[in-house]
Amino acid sequence: MSENIGHVIQIAGPAVDVQFTEVAMPPIYQALRVVSEGFTVPSPINVILEVQQHLGEGRVRCVAMEATDGMVRGMQAIDQGGPIAAPVGRGTLGRVMNVIGEPVDNLGPIEFVKRMPIHRLAPAFDEQSTTAEMFETGVKVVDLIQPFLKGGKIGLFGGAGVGKSTTWPSSTVDSPCSPASVSAPVKATTSGWK
């Protein structure tokens, strides 16, 4: 099977439009790889895009998973033949990776057996746990006064300087009780920034 190759026609920050032939337009959530072969650029371009919208006439609008600095119109966008997939399994526990499954923790390659798409259906009800289990944070005060359920969503609110940023990582990422937790902190403070 020959490669399905399009060309970049517009770049607006992380949004990139790519032109394909109408019959070879990739589906939504398909991964594309933009490369700088044949272009003189300061540093080589090798950026993964994800198709988000069909614009018609063979054009697709994509979101870049990395910075688009140095990307120019005309660069090749190679269809990867499937969605973005990340490694899964025991080898990923305790590791930090980016959205395309590459390790960013400087601990070498991630050992894995298979990859799973980042967009997929939720597990069926019969595959989910029906029992309520406590999520042990390892912080005694939290476990005693405000226990959390495994698999639930947890929010941490508090005033300035009370230790939210210190408490949260120590109760999730470093927890010996639960090595498979996922933490995605969002900070909304702008105090002190000019």
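Look above for the structure.
Residues numbered from 1 in each chain as written. Predicted model: local features only at pLDDT ≥ 70, side-chain atom pairs only at ≥ 80, totals over all residues. Heavy atoms only, no water.

**Q** How do you make sense of the overall build of the protein chain when you look at a structure like this?
**A** Counting secondary structure elements, the protein chain contains two helices and ten strands. Its helices and strands taken in sequence order, the protein chain reads β-β-β-β-β-β-β-β-β-α-β-α from the N to the C terminus. With 194 residues in all, the protein chain has 25% of them scored as buried. Across the protein chain, every contact between residues at least 6 apart in sequence was considered, and the portion connecting residues at least 24 apart equals 54%. Roughly 13,600 Å² of accessible area belongs to the protein chain as shown, and the carbon and sulfur atoms make up 57% of that amount. (Helix = DSSP H or I, 4+ residues; strand = E, 2+ residues; numbered from the N terminus. Buried < 20%, exposed > 50% of the residue type's maximum accessible area, 1.4 Å probe, protein only. Contact = heavy atoms within 4.5 Å. Areas by Shrake-Rupley, 256 points an atom, 1.4 Å probe, with all protein chains shown as cover.)

**Q** Is there a simple way to think about the sheet that holds strand β4 (residues 46–56) in this case?
**A** Sheet strands pair via backbone hydrogen bonds, and the direction of the pair is either parallel or antiparallel. Within the closed barrel, the six strands sit side by side as β1-β2-β5-β4-β3-β6. Their pairing is antiparallel. For this sheet the average axis-to-axis angle between neighbouring strands, irrespective of direction, equals 45°. Examined bridge by bridge, strand β1 (residues 5–12) and strand β6 (residues 76–83) share three bridges and lie antiparallel to one another. Paired with Ile5 across the strands is Ile78, a residue of β6. (Pairing = 2+ DSSP bridges. Axes fitted to C-alpha atoms, helices over the stretch in contact; angles between N-to-C directions.)

**Q** Can you walk me through a nonpolar patch on the surface in this structure?
**A** Together, Val141, Leu144 and Ile145 line one region of the surface with nonpolar side chains, adding up to about 370 Å² of accessible area. Assignment of secondary structure puts Val141 in helix α1 (residues 140–145). Looking at Val141, the relative accessible area reads 56%, which means it is exposed. (Patch = residues over 30% accessible without salt bridge, like charges linked within 9 Å, V, L, I, M, F, W, Y side chains within 5 Å. Salt bridge = Lys/Arg side-chain N within 4 Å of Asp/Glu carboxyl O.)

**Q** Quick question: what am I supposed to make of the side chain of Glu50 here?
**A** Summarising the element assignment, Glu50 is placed in strand β4. No salt bridge is formed by the buried Glu50. Its closest oppositely charged neighbour is Arg115, at 12 Å. For Glu50, the side chain forms a polar contact with the side chain of Gln52, separated by 2.6 Å. In this structure Glu50 touches Tyr29, Gln30, Arg61, Cys62, Val63, Met65, Ile84, Ile118 and His119, once residues within four positions along its chain are discounted. (Lys, Arg positive; Asp, Glu negative; His and termini not counted. Polar contact = N/O pair within 3.5 Å; in protein donor to acceptor, adjacent residues only side chain to side chain.)

**Q** Looking at this structure, how should I read the pairing of β6?
**A** It is a general feature of regular strands that their side chains alternate between the two faces of the sheet. Across five bridges, strand β3 (residues 30–35) lies against β6 in antiparallel orientation. Along β6, the bridge assignment pairs Gln30 with Pro83.

**Q** How do you make sense of unusual backbone geometry when you look at a structure like this?
**A** For residues besides glycine, phi is generally negative; the peptide bonds are generally trans as well. For Tyr29, which is not glycine, the phi torsion reads 75° and is therefore positive. Of note, Tyr29 is situated in the loop between β2 (15–19) and β3. A relative accessible area of 37% means that Tyr29 is categorised as partly exposed.

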